[in-house]
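Read off the chains here:
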Amino acid sequence: MGSQTGAALQKQTLLWFIVVSQCVSVLSCGPHYEYAIEEFCLAKFKLDMQELDQIHWCSWEDTVELYGELTNCTFLVADKMGCYWPNRLVDEFFIRVHKQYFHDCSMSGRLLRDPPNRILGPFIVVPILVTLLMTALVVWRSKRSEGIV
């Protein structure tokens, strides 16, 4: 019975050791990690986005490489500092980036525009014509059936 209690105590101690080491590792990535990604990663991303015209910020084809470099930068800084990636700080960092640069973009990443008139026209004209045709058909049918009763 004593060996079972000792084994359970060892398992519990090992579990606590793992939990504490994880917490210490995550906590050590606080302000130093945040400062590093702001100074190294975000600074370069800001310069790259300034070079790109603002109307292209919502174009995924134009920003995918810059966004990938930003993501890789945050990973490499975390790796060098011994931090886990992704973590809460990275999530908050990317939320700030999205709020600043991509807040007007659609979920698909494409710019929202009206379709050309040659496509939009039939979607407007056809329902109007069908409505007029159905109204004329109902009026014609109701006049025709008055004499048959």
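Preceding block: the structure.
Basis of the calculations
- Residues numbered from 1 in each chain as written.
- Predicted model: local features only at pLDDT ≥ 70, side-chain atom pairs only at ≥ 80, totals over all residues.
- Heavy atoms only, no water.
- Salt bridge = Lys/Arg side-chain N within 4 Å of Asp/Glu carboxyl O.
- Helix = DSSP H or I, 4+ residues; strand = E, 2+ residues; numbered from the N terminus.
- Buried < 20%, exposed > 50% of the residue type's maximum accessible area, 1.4 Å probe, protein only.
- Expected span 1.5 Å × (residues − 1).
- Contact = heavy atoms within 4.5 Å.

Once that is clear, we can look at the pattern of salt bridges. Applying the stated criterion across every chain yields a total of five salt bridges. Here Lys44 ties to Asp48 by a salt bridge, and the two come within 2.8 Å at their closest N and O atoms. Residue Lys44 and its partner Asp48 are both found in helix H2 (residues 31-51); the two are separated by four residues, about one turn of the helix. For Lys44, a relative accessible area of 44% puts it in the partly exposed group. Here Asp48 falls in the buried class, since its relative accessible area comes to 15%. In this structure, Glu92 engages Arg88 in a salt bridge whose closest nitrogen and oxygen atoms are separated by 3.1 Å.

Every α-helix winds through 3.6 residues per turn, so residues three or four apart in the chain are directed the same way. For helix H3 (residues 60-81), spanning 22 residues, the distance from its first C-alpha to its last is 30 Å, which sits close to the expected 32 Å at 1.5 Å a residue. Listing the buried residues of H3 in full gives Thr63, Leu66, Tyr67, Leu70, Thr74, Val77 and Ala78. In this structure, the buried side of H3 is in contact with H2 and helix H4 (88-101). Note on H3: the residue one or two positions beyond its end, Gly82, has a positive phi of about 75°.

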